[in-house]
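Overview (structure and organization)
Single-letter residue listing:
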Amino acid sequence: MTITSSRLQRVARDAAGALPGVSSGRPFTDKLDVFKVAEKVFLIVTDDPDERIITVKSEPDHGRSLRREHESITPGRYLNKAHWISVAAGREITAGPGRPLL
């Protein structure tokens, strides 16, 4: 089943928040939730209603592969395109019992 953009964001926030040593805040703008481990950003969730995406850190080769395979995965918005990907809701982005989003 395809995941909605609000559910994608909720699942990303919940998963990130459950990791040990994670901190979160809004250091850049009130529309961006930023998640860090050891002061290193690994996830950004945007609250802009016109752009409901998540942006995650990714190994360059893995990120390129995901972008080729999924049209709703694009180079990271406003970040280093080699190390970040942005994920929007789309036909191929799903969630189900015991299944990862990607």
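Residues numbered from 1 in each chain as written. Predicted model: local features only at pLDDT ≥ 70, side-chain atom pairs only at ≥ 80, totals over all residues. Heavy atoms only, no water.

Quick word on the sheet that holds strand 5 (residues 73-75)
What counts here: When DSSP finds at least two bridges between two strands, those strands are taken to pair. Only runs of H or I of at least four residues qualify as helices and only runs of E of at least two qualify as strands under DSSP, and these elements are numbered from the N terminus. Orientation is described by axes fitted as lines to C-alpha atoms, over the contacting stretch for helices, and by angles from 0 to 180 degrees between their N-to-C directions.
Spatial strand order, 1-2-3-4-6-5: six strands in an open sheet with antiparallel pairing. Unpaired on one side and paired on the other, strand 1 (22-25) and strand 5 mark the two borders of the sheet. For this sheet the average axis-to-axis angle between neighbouring strands, irrespective of direction, equals 25 degrees. As paired elements, strand 3 (residues 40-46) and strand 4 (residues 53-57) share three bridges and run antiparallel to each other. Residue Val-45 lies in a different strand from strand 4, and its bridge partner there is Ile-54.

So, the pairing of strand 6 (residues 84-88)
Defined as follows: Only protein chains enter the accessibility calculation, which uses a 1.4 Å probe; a residue whose area is less than 20% of its type maximum is buried, one above 50% is exposed, and one in between is partly exposed.
Across the five residues of strand 6, four count as buried, placing the element largely inside the fold. Bridging between strand 4 and strand 6 involves five bridges; their strand directions are antiparallel. Bridge pairing in strand 6 places Val-56 opposite Ile-85. Sheet topology note: the strand 5/strand 6 ladder contains three bridges and is antiparallel. Its bridge partner lying in strand 6, Ile-73 is registered against Val-87.

Points about the confidence of the model for the chain
Threshold: Every residue carries a pLDDT, the predictor's confidence in it, which falls somewhere between 0 and 100.
Mean pLDDT for the chain: 88, with 91% of residues reaching 70 or above. Averaged pLDDT values for the elements of the chain fall to 92 in helix 1 (residues 5-17) and rise to 96 in strand 1.

Digging into the pairing of strand 2 (residues 32-37)
Summarising the sheet, strand 1 and strand 2 pair through four bridges and their orientation is antiparallel. In the strand pairing of strand 2, Gly-25 is matched with Val-34. The turn linking strand 1 back onto strand 2 is made up of six residues. Taken together, the six bridges between strand 2 and strand 3 define a ladder with antiparallel strand orientation. Pairing of Asp-33 across the sheet is with Val-45, part of strand 3. Linkage of strand 2 to strand 3, two consecutive antiparallel strands, is achieved through a turn of two residues, within which Ala-38 is found at a positive phi near 50 degrees.

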